[in-house]
Amino acid sequence: MPRALAPPLGQLLGDRNQLGACVAGPGETSTSVCELGDLRARRRLVVLGDSHAAMWMPALVPFAQRYHWRLVPLIKTGCVPAATGSGSCAAWYRWALAQARRLRPRAVVLSQTW
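Remember, predicted model here, so these are calculated numbers, not experimental data.

### Observations regarding the nonpolar core
Move 1: Counting 14 residues, the largest nonpolar core has Leu19, Leu45, Val47, Met57, Leu60, Leu71 and Ile75 as its most contacted members.
Move 2: Those elements giving two or more residues to this core turn out to be β3 (44-49), α2 (57-66) and β4 (70-76).
Move 3: Contacts of Leu45, omitting those with residues within four sequence positions, involve Leu60, Trp69, Arg70, Leu71, Val72, Ala107, Val108 and Val109.
Move 4: One finds Ala24, Leu74, Trp95 and Leu103 within the second-largest nonpolar core, a separate group that totals 10 residues.

Have a look at this one:
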(Lines give C-alpha, C1' and ligand atoms only; values in the text may rest on other atoms or scores of the structure.)
Protein backbone atom coordinates (compact mmCIF):
# COMPACT_ATOMS: atom_id res chain seq x y z
CA MET A 1 0.00 0.00 0.00
CA PRO A 2 1.24 3.52 -0.72
CA ARG A 3 2.61 5.31 2.34
CA ALA A 4 0.95 8.56 1.27
CA LEU A 5 -2.55 7.05 1.45
CA ALA A 6 -4.88 9.52 3.15
CA PRO A 7 -6.48 8.76 5.47
CA PRO A 8 -4.27 5.91 6.64
CA LEU A 9 -5.83 2.44 6.40
CA GLY A 10 -6.00 2.17 10.20
CA GLN A 11 -8.52 5.03 10.29
CA LEU A 12 -10.87 3.57 7.68
CA LEU A 13 -12.60 1.10 9.99
CA GLY A 14 -14.58 3.95 11.56
CA ASP A 15 -15.21 5.70 8.25
CA ARG A 16 -18.99 5.40 8.08
CA ASN A 17 -22.09 7.46 8.67
CA GLN A 18 -25.07 6.22 10.62
CA LEU A 19 -28.00 7.17 8.40
CA GLY A 20 -30.63 5.40 10.52
CA ALA A 21 -34.12 6.60 9.59
CA CYS A 22 -32.74 8.20 6.42
CA VAL A 23 -32.46 4.79 4.71
CA ALA A 24 -35.49 2.73 3.70
CA GLY A 25 -35.41 -0.83 4.96
CA PRO A 26 -36.94 -4.06 3.65
CA GLY A 27 -40.60 -3.64 2.74
CA GLU A 28 -40.58 0.14 3.19
CA THR A 29 -41.80 2.29 0.30
CA SER A 30 -40.68 5.66 1.70
CA THR A 31 -38.47 7.04 4.43
CA SER A 32 -37.66 10.28 6.21
CA VAL A 33 -36.24 12.93 3.94
CA CYS A 34 -33.03 13.87 5.75
CA GLU A 35 -30.78 16.83 5.09
CA LEU A 36 -27.07 16.63 5.86
CA GLY A 37 -24.08 18.84 5.16
CA ASP A 38 -24.54 22.62 5.28
CA LEU A 39 -28.19 23.04 6.25
CA ARG A 40 -28.11 26.75 5.35
CA ALA A 41 -26.84 26.10 1.82
CA ARG A 42 -29.00 26.93 -1.21
CA ARG A 43 -27.41 24.27 -3.42
CA ARG A 44 -28.85 20.81 -2.94
CA LEU A 45 -27.25 17.46 -3.82
CA VAL A 46 -29.39 14.31 -3.88
CA VAL A 47 -27.74 10.90 -3.51
CA LEU A 48 -30.03 8.23 -4.95
CA GLY A 49 -29.48 4.50 -4.85
CA ASP A 50 -28.97 1.30 -2.89
CA SER A 51 -26.43 0.50 -0.16
CA HIS A 52 -23.64 1.45 -2.56
CA ALA A 53 -25.00 5.01 -2.42
CA ALA A 54 -24.78 4.88 1.38
CA MET A 55 -21.09 3.96 1.08
CA TRP A 56 -20.41 7.41 -0.42
CA MET A 57 -21.75 9.27 2.64
CA PRO A 58 -18.43 9.37 4.61
CA ALA A 59 -16.93 11.34 1.71
CA LEU A 60 -19.98 13.34 0.60
CA VAL A 61 -21.07 14.68 4.02
CA PRO A 62 -17.72 16.44 4.70
CA PHE A 63 -17.71 17.65 1.08
CA ALA A 64 -21.20 19.12 1.52
CA GLN A 65 -20.19 20.85 4.76
CA ARG A 66 -16.98 22.27 3.35
CA TYR A 67 -18.34 23.43 0.00
CA HIS A 68 -21.78 24.53 1.22
CA TRP A 69 -24.17 21.97 -0.20
CA ARG A 70 -27.32 20.59 1.40
CA LEU A 71 -27.10 16.81 0.99
CA VAL A 72 -30.22 14.62 0.78
CA PRO A 73 -29.77 10.82 0.74
CA LEU A 74 -32.57 8.88 -0.95
CA ILE A 75 -31.37 5.35 -0.27
CA LYS A 76 -33.02 1.94 -0.04
CA THR A 77 -30.79 -1.01 0.76
CA GLY A 78 -31.19 -3.88 -1.70
CA CYS A 79 -33.05 -1.89 -4.35
CA VAL A 80 -31.02 -1.20 -7.47
CA PRO A 81 -32.40 1.87 -9.30
CA ALA A 82 -31.62 0.44 -12.75
CA ALA A 83 -33.64 -2.72 -12.02
CA THR A 84 -36.50 -1.68 -9.78
CA GLY A 85 -38.66 -4.72 -10.55
CA SER A 86 -41.85 -4.75 -8.52
CA GLY A 87 -43.08 -4.61 -4.96
CA SER A 88 -41.51 -2.34 -2.37
CA CYS A 89 -38.50 -1.52 -4.57
CA ALA A 90 -40.65 -0.23 -7.42
CA ALA A 91 -42.87 1.74 -5.03
CA TRP A 92 -39.87 3.18 -3.21
CA TYR A 93 -38.19 4.18 -6.49
CA ARG A 94 -41.35 6.03 -7.63
CA TRP A 95 -41.43 7.79 -4.26
CA ALA A 96 -37.70 8.66 -4.43
CA LEU A 97 -38.00 10.10 -7.95
CA ALA A 98 -40.94 12.24 -6.84
CA GLN A 99 -38.88 13.49 -3.89
CA ALA A 100 -35.91 14.28 -6.14
CA ARG A 101 -38.16 16.27 -8.48
CA ARG A 102 -39.74 18.13 -5.56
CA LEU A 103 -36.35 19.00 -4.08
CA ARG A 104 -35.04 20.40 -7.38
CA PRO A 105 -31.37 19.55 -6.67
CA ARG A 106 -28.50 21.19 -8.50
CA ALA A 107 -26.88 17.74 -8.81
CA VAL A 108 -27.77 14.06 -8.35
CA VAL A 109 -25.38 11.22 -7.59
CA LEU A 110 -26.78 7.86 -8.69
CA SER A 111 -25.00 4.88 -7.17
CA GLN A 112 -25.83 1.19 -7.23
CA THR A 113 -24.37 -2.27 -7.35
CA TRP A 114 -23.34 -3.18 -10.85
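### Let's talk about helix α3 (residues 88-103)
In an α-helix, one full turn covers 3.6 residues, which means residues spaced three or four apart are oriented alike.
Move 1: Taking 1.5 Å per residue, 16 residues should reach 22 Å; α3 reaches 22 Å between its end C-alpha atoms and fits that length.
Move 2: Residues of α3 that are buried: Cys89, Ala90, Ala91, Trp92, Trp95, Ala96, Gln99, Ala100 and Leu103.
Move 3: At its buried positions, α3 is contacted by β1 (23-24), β3 and β4.
Move 4: At the C-terminal side of α3, Arg104 shows a positive phi close to 50°.

About the cut-offs
Residues numbered from 1 in each chain as written. Predicted model: local features only at pLDDT ≥ 70, side-chain atom pairs only at ≥ 80, totals over all residues. Heavy atoms only, no water. Core = buried A, V, L, I, M, F, W, Y, C linked by side-chain atoms within 4.5 Å. Buried < 20%, exposed > 50% of the residue type's maximum accessible area, 1.4 Å probe, protein only. Helix = DSSP H or I, 4+ residues; strand = E, 2+ residues; numbered from the N terminus. Contact = heavy atoms within 4.5 Å. Expected span 1.5 Å × (residues − 1).

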